[in-house]
Amino acid sequence: MRPHHLTITAFGPFAGTETVDFDELTNSGVFLLHGDTGAGKTSVLDALCFALYGRVPGQRTEHRLRSHHAQVGIRTAVALEFTAADRRFKIMRTPKQSYPSTRAKNGIATTEATVQLLERTTGPDGAHHWQAISSSHQEANKEVTDILGLTKEQFCQVVLLPQGEFAAFLHAGAEERRKLLGKLFGTRRFRDLTVWLANRAKALHREADDATAHILLLAERIDQEAGPTLTARTDARPDERHLTAWLPWARRLTATAEDDCTVAAAQAQQAEQTHQAAKDHLSKTSDLAGKQARHQTALTQRAALEETATDHPRLRRQLEAGRRAEPLRPLLDQTAAHTKALKAAKDAESRARLLLDAQDTSEDIPGLQAAQQRLHAEKGRLEGLLPEEERHAALSEQLDTLREKEEHAQEQYDEAEAWLKDWLNTLEHHTGKIADLERAVQELPSLEATHKSLALQLATAVERDALAVKLSRATTNETEREKEMLRAQQTWLDLRQRRMDGMAGELAAVLETGQPCQVCGSPVHPAPARPAADQPTRQDEDTAQENYDEARNAHEEAMNLRSDLAAQHARTIGAAGTDPVPDLQARLADATATQDRARAKAAELHPAQEALTRLQNEHETQTNQRNRTREALTEIQARSALLAQQESQLAAVLTQARAEEASLTKRLTSLTTTADCLATALDAAQATESAKAHLAETQRTTADATMQAGFADLDEATAALSSSSVLQQWHEQLEQWGKQFAVVDSILAEAELLEAARQPQADPAVAQEALAHAESSATDAAVKLQQARERAQNLAHLTADLDARVAAAEPLRAESALVDRLASVAAGTGAVNTLSMELEAYVLAGRLEQIADAANKRLSIMTNDRYQLRHSHEKETGQGRAKAGLGLRIRDDWTGVERETSTLSGGETFTTALALALGLADVVTQEASGRPLGTLFIDEGFGSLDEQSLTDVMDVLDHLRAGNRAVGVVSHVGELRRRIPTQLHVKKRHQAGSTVHPLVDADI
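Note that the structure is predicted; figures quoted are calculated from it, not measured.

Caption draft 1: Representation of the overall build of the chain in the model. The helix and strand tally for the chain stands at 25 helices and 17 strands. Its C-alpha radius of gyration of 70 Å places the chain more than 25% over the 30 Å reference for a compact globule of 1004 residues. Along the three orthogonal principal directions, the C-alpha set of the chain runs to about 195 × 130 × 70 Å. Counting over 1004 residues, the chain shows a buried share of 38%. Within the chain, contacts between residues at least 6 apart in sequence are counted, and of these 75% link residues at least 24 apart. Just so you have it, the chain exposes about 56200 Å², and 51% of that area is on carbon and sulfur atoms. Considering the chain, the positive charge centre built from 115 side chains and the negative charge centre built from 148 side chains are found 6 Å apart.

Caption draft 2: Structural context of helix H12 (residues 386–421). With 36 residues, H12 ought to run about 52 Å at 1.5 Å a step, and its terminal C-alpha atoms sit 53 Å apart, in line with that. Listed as buried for H12 are Glu389, His392, Leu395, Leu399, Leu402, Ala409, Ala416 and Leu420.

Caption draft 3: Fine view of the nonpolar core. Membership of the largest hydrophobic core comes to 84 residues, with the highest contact counts inside it found for Leu6, Leu52, Phe82, Leu148 and Phe155. In this structure, Leu52 is in contact with Met1, Leu80, Phe82, Ile91, Arg93, Asn141, Val144, Leu148 and Phe155, ignoring residues within four places of it in sequence. Of all hydrophobic cores here, the second largest spans 26 residues; its members include Leu218, Leu230, Ala792 and Leu798.

Caption draft 4: Quick peek at the packing of helix H7 (residues 188–232) against helix H22 (residues 839–862). One way to put it is that H7 packs onto H22 with a least axis distance of 8 Å and a crossing angle of 155°. As the angle between them shows, H7 and H22 are arranged roughly antiparallel. Judged by the twist between their axes, the crossing of H7 over H22 is right-handed. Residues Arg188, Phe190, Arg191, Leu193 and Thr194 of H7 lie in contact with H22, whose contacting residues are Leu839, Glu840 and Val843. Residue classes in the contact of H7 with H22 are distributed as 4 nonpolar, 1 polar and 3 charged.

Caption draft 5: Spatial organisation of the UniProt feature "coiled-coil region" (unreviewed entry) in the chain. In the UniProt entry, the feature "coiled-coil region" (unreviewed entry) is given for residues 392–440 and 771–805. From the first C-alpha to the last, residues 392–440 spans 70 Å; its make-up is 98% helix and 0% strand.

Caption draft 6: Unusual backbone geometry, seen in detail. The backbone phi angle of Ala10 is positive, close to 50°, even though this residue is not glycine. Inspection of the secondary structure puts Ala10 in strand S1 (residues 2–11). Relative accessible area serves as the criterion here: at 0%, Ala10 is assigned to the buried category. Of note in the backbone geometry, Asp865 takes a positive phi value of approximately 60° without being a glycine. Mapped onto the elements, Asp865 comes out in the loop between H22 and strand S11 (867–872). Residue Asp865 is classed as exposed on the basis of its relative accessible area of 53%.

Caption draft 7: Spatial organisation of the pattern of salt bridges. What the rule picks out here adds up to 24 salt bridges. Here Asp146 makes a salt bridge to Lys142, at a shortest N to O gap of 3.1 Å. Of this pair, Asp146 and Lys142 both sit in helix H3 (residues 137–148), separated by 4 residues, roughly a single helical turn. For Lys142, a relative accessible area of 55% translates into the label exposed.

Caption draft 8: Summary view of the packing of aromatic side chains. Inspection of the entire model under this criterion finds 7 aromatic pairs. Taken together, a centroid distance of 5.3 Å and an interplanar angle of 10° make the contact between Trp492 and Tyr548 stacked. Of this pair, Trp492 sits in helix H13 (residues 423–501) while Tyr548 sits in helix H15 (residues 538–576), and the two are 56 residues apart along the sequence. For the pair formed by Trp492 and Tyr548, the shared burial category is buried.

Caption draft 9: How the structure looks around the sheet that holds S11. Taken together, the 3 strands give an open sheet; going across it, the order is S11-S12-S13, and neighbouring strands pair in antiparallel fashion. In this open sheet, the two strands that pair with only one neighbour each are S11 and strand S13 (897–900). The mean angle between the axes of side-by-side strands here comes to 35°, regardless of whether they run parallel or antiparallel. Two strands pair when backbone bridges link them, and strand S12 (residues 887–892) and S13 are joined in this way by 4 bridges, in the antiparallel orientation.

Caption draft 10: Expanded view of the side chain of His451. Examined against the element boundaries, His451 turns out to sit in helix H13. If we skip the residues at most four places from it in the chain, His451 touches Leu588, Ala591, Thr592 and Gln595.

Caption draft 11: Geometry of the packing of helix H8 (residues 246–308) against helix H19 (residues 724–748). Contact geometry for H8 and H19: axes closest at 9 Å, N-to-C directions at 145°. H19 is crossed by H8, and the crossing has left-handed handedness. Packed against H8, whose contacting residues are Arg294, His295, Ala298, Leu299, Gln301, Arg302, Leu305, Glu306 and Thr308, the element H19 presents Trp737, Gln740, Phe741, Val744, Asp745, Ile747 and Leu748 at the interface. For the contact of H8 with H19, the class distribution of residues is 8 nonpolar, 4 polar and 4 charged.

Caption draft 12: Molecular detail of H13. Under the 1.5 Å per step criterion, the end-to-end length of H13 is 114 Å for 79 residues, consistent within 8% with the ideal 117 Å. Along H13, the largest kink reaches about 35° and is centred on Leu444; proline Pro445 follows within four residues of it.

Caption draft 13: How the structure looks around a negative patch on the surface. A surface patch of negative charge is lined by Glu404, Glu407, Glu411, Asp414 and Glu415. In this fold, Glu411 is placed in helix H12.

Caption draft 14: Focus on the pairing of S1. Counting buried positions along S1 gives 8 out of 10 residues, so the element sits mostly inside the fold. Summarising the sheet, S1 and strand S4 (residues 77–84) pair through 7 bridges and their orientation is antiparallel. If you follow Leu6 over to S4, its bridge partner there is Leu80. Pairing analysis gives 6 bridges linking S1 to strand S2 (residues 14–21), with the strands arranged antiparallel. Counterpart to Leu6 in the pairing with S2 is Val20. Turn length for the S1-S2 hairpin, with the two strands adjacent in sequence and antiparallel, is 2 residues, and the turn residue Gly12 shows positive phi of about 60°.

Caption draft 15: Representation of the sheet that holds strand S5 (residues 87–94) in the model. Within the open sheet, the 6 strands sit side by side as S2-S1-S4-S5-S8-S9. Their pairing is antiparallel. The sheet is open, and its two edges are formed by S2 and strand S9 (128–134), each paired on a single side. Within the sheet, the average angular offset between the axes of one strand and its neighbour, ignoring direction, is 20°. The sheet strands contacting helix H2 (residues 41–53) are S1, S2, S4 and S5, and the helix crosses S1 at an angle near 105°. In the packing of H3 onto the sheet, contacts are made with S4, S5, strand S8 (114–122) and S9, and the angle to S8 comes to roughly 45°.

Caption draft 16: Main features of the pairing of S8. In this structure, S5 lies alongside S8, joined through 6 bridges in antiparallel fashion. Along S8, the bridge assignment pairs Lys90 with Leu118. Alignment of S8 against S9, held across 6 bridges, turns out to be antiparallel. Its bridge partner lying in S9, Leu118 is registered against Ala132. With antiparallel pairing between neighbouring strands as the criterion, S8 and S9 make up a hairpin whose turn holds 5 residues, including Gly126 at a positive phi of roughly 85°.

Caption draft 17: Seen up close, the environment of Val806. By secondary structure assignment, the location of Val806 is in helix H21 (residues 764–827). Residue Val806 is classed as buried on the basis of its relative accessible area, which comes to 9%. Through-space distance from the C-alpha of Val806 to that of Phe711 is 116 Å; in sequence the pair is 95 residues apart.

Caption draft 18: Broad picture of the environment of Ala841. For Ala841, the position within the fold is in helix H22. A residue is classified by how much of its surface remains accessible, and Ala841, at 2% relative accessible area, is buried. Sequence spacing of Ala841 and Arg191 is 650 residues, and the spatial spacing of their C-alpha atoms is 8.7 Å.

Scoring rules and cut-offs
- Per-chain numbering applies: the sequence of each chain, read as written, is numbered from 1 onward.
- Under the rules for a predicted model, residues below a pLDDT of 70 receive no local features and side-chain atom pairs below 80 are neither given nor counted, while totals for whole chains, interfaces and linings still include all residues.
- To obtain the side-chain values, all non-hydrogen atoms of the structure were used and water was disregarded.
- Counting from the N terminus, the helices are DSSP H or I runs at least four residues long and the strands are E runs at least two residues long.
- Radius of gyration here is computed from C-alpha atoms only, and the compact-globule reference equals 2.2 Å multiplied by the residue count raised to the power 0.38.
- Classification of residues uses two cut-offs on accessible area relative to the type maximum, computed with a 1.4 Å probe and protein chains only: under 20% is buried, over 50% is exposed, and between them is partly exposed.
- Every residue pair with non-hydrogen atoms within 4.5 Å of one another is taken to be in contact.
- Only the protein chains shown count as cover for residues, and the accessible areas themselves come from Shrake-Rupley with a 1.4 Å probe.
- Lys and Arg are tallied as positive, Asp and Glu as negative. Neither His nor the chain termini are counted.
- Throughout, a charge is located at the NZ atom of Lys, the CZ atom of Arg, the CG atom of Asp or the CD atom of Glu.
- Helices are assigned an expected span. That span is 1.5 Å times one less than the residue count.
- As used in this record, nonpolar core signifies buried Ala, Val, Leu, Ile, Met, Phe, Trp, Tyr and Cys residues forming a set joined through side-chain atoms within 4.5 Å.
- Fitted lines through C-alpha atoms give the axes, limited to the stretch in contact for helices. The angle between two N-to-C directions lies from 0 to 180 degrees.
- An angle below 35 degrees is read as roughly parallel, one above 145 as roughly antiparallel, one from 65 to 115 as roughly perpendicular, and any other as oblique.
- Handedness of a helix crossing follows the sense of rotation of the near helix relative to the far helix, less than a right angle counterclockwise being left-handed and clockwise being right-handed.
- Side-chain classes follow a simple rule in which Ala, Val, Leu, Ile, Met, Phe, Trp, Tyr, Cys and Pro form the nonpolar group, Asp, Glu, Lys and Arg form the charged group, and the remainder, Gly included, forms the polar group.
- UniProt positions are given in the numbering used here, feature names are shortened, and annotations may be inferred rather than shown by experiment.
- One speaks of a salt bridge when a side-chain nitrogen belonging to Lys or Arg is within 4 Å of a carboxyl oxygen belonging to Asp or Glu.
- Only Phe, Tyr and Trp rings are paired, with Trp represented by its six-membered ring, and only when their centres lie within 6.5 Å; those with planes under 30 degrees apart are stacked, over 60 edge-to-face, the remainder tilted.
- Two strands qualify as a pair provided DSSP detects at least 2 bridges between them.
- The seven residues ending at a residue and the seven starting there each receive a fitted axis; the angle between those axes is the bend at that residue.
- Patch members must show over 30% relative accessible area and no salt bridge, and they are joined within 9 Å when carrying like charges or within 5 Å when they are nonpolar side chains of Val, Leu, Ile, Met, Phe, Trp or Tyr.

Structure follows, in structure tokens:
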């Protein structure tokens, strides 16, 4: 990277706009940036860094970059043109800053930081143009980092070799070196890898422990499944530490369980055979007992049959008489039926005559027939009057309907007449009410405007009074802050002037005999200045300036607050006037009440108008109803008079025809009932006469047949009759007895039963008990066999699972051991790591060794081959593994002694630190991007060198110019102004700020 032009405005100590032409300064290869202490030499480098990265070196913030000497209207800005990777860029930045503004509330506006990154391109016509790349902070910073190949930290370390940090890095402890080198080389990934390996090792340890726990759990389950009996017959349980021994032990238990299963199967088979034999014995015993029981049952049945045979002669006589009487059954049944029919006919005739009128009860058959003919004639006459009865009913219904209509019409007429009577009063009332409501609606906008104006005036008046109190307090506070600011400013300026007046004494106070002066570099101090007794220090000045800055900021804040409050107070007075708040509150309350009353009336207007419209519609409706009902009443009354006359004439005729009944229909029904009773009585009398004739004929025929069948009379024949089922039952009973007796004899003659009867009595209960015992034994044997099979199967499954778990655990344990070894090596705790260095420290140690080698190439030249930097792997006392390998020692080849870098003198320290910084720059550049550095800045330290050492250092700087590299030296040492003709002079003008002035050979 090579800078071309740097423009600084209101930045740091520079009050105005300053321009640095690096092209002119770098023509000679080496140029000097010098000026008085505090003039702003380092601020030029700060502006360069800020332009590129938006930040300054170190821990300073971008909010304090604005120059205190700058005028209010000038904005802080930095612009830089530079070339990198054969491309030319321009970057312009402004920090976040505040400035006076008439538009802002408090008079102070703030602008955010801005950036513009441009690249110079060449058009087809050969003209150069600036093309915008980015105006985003994040994007621009990334572009710059990619273009330069350096982060901001790397840039500050390898391009802007900062003052005081050479020796700090040289004398730093291992931890400080680790932090710096880790940031420059980005070795955090190695630390992250170390942490990842440690975490991975812990995770694998947990997985391995889990696998072991699963194996031990399976072993415990195998032990429980086998049980104490089985485990007692095998080897003892292995040690939990020997996981591989569990599998053979489990396999032996499984084999033993399978042997037990074979034995249990044989025992179960034997028990089943015994059980089958007991079942066969029980079957034979039960069969013998059954035969013996059949023989005994047959003997009992024959005895019972012989006992029942004594009643058989009587049963045979009854069966023979019943069979002789059976042919007479139809005649006997017919005689009984005719007798029964005659009785039923007489009973029916008696019941029918009870329903007749008194004059007809004793009539014979001809008399009943005459009465029946009279009833039929009367029914015919009444049926002819039925239409007239229906017409009479219709006339009655019509009269009833007309009376209802007349009543309803009269009610409607009366209602309409009553409503219309009050119409004029109702109309006048509603019309007056609507007129009153319309006046209220017309007044409402004016009332609302008045209320709104009073409410706004009251709110503004309340705000006015509150702002008046705040303004009073703010005015008092502003006055106090102004006094404090003036006092702090005067104190700071006095201290600053006193320190500047006594600066020679301050510099002389740090001089040591034989040590070079920080200003001129001479080790001889013939007449050092004496500091005054009350000489202020730099810390005193910085403290006073900080106090002044704080007081000034407080005053600005108080002034801005007072100005803002005054503007707000004036605005509220203009809006609310000077009326007191209580008066405004009373006026607002009156306006609110008046407005509420008007709104209430306005809300009633529309309903009142609708009510009037409804009333007008109702007036028209009621008028029409009164006229319509008057006409209807006249028509209904005329129609009712005509129908009433017709209804009266029909009523007289029908009353005579109905006799005492309510209607002709009921009268006809009564006559029909009487005619039915006459018909029933007539039929019953005729049936009685017929039944008497049939009974007499049947009795003669039956008497002749009875004598012929051998019965003395009709009663004897009737007594001999039995039902066919009874006769059949008697026949079957006699026949069944004969069959049963034959069957029993045949059973008693069977040879098997006779043989069984001769044998001892069988006992199935004993055989059943033997079977139950055999069955229980067989069940127990089957259960034991099932348990043995389940145990063998479960042990086989668990052993297979254990085999898989052991097989899976072995690679896991191997991986855990491998990662554990890697983690211990990376953490520096393993025995393999003989250096006891963490991985990141080891990488950084390699980088430090490269830096030392690169530094020694220049250190040999600057010290005439006397000194060499040596990288040390030794761990500092009290430091951990992360700090081992980051030690630096110095070897004096003139004496052959290797010693600590802290033993170097001031000049030796600067020379060695400069070589180390240049070596660091070379290694970081090569690591970051490999792009050559076009420009290098070295800040301070040359005053500690003697003349020869300064010559040697200048030779090295001349060598740095090789490869078209420019070197800028920042120093106020006078000897360098003689040796380096191209210079940039930074002049300090006290309160007016600093300026820059380039000087070349001709100017000098």
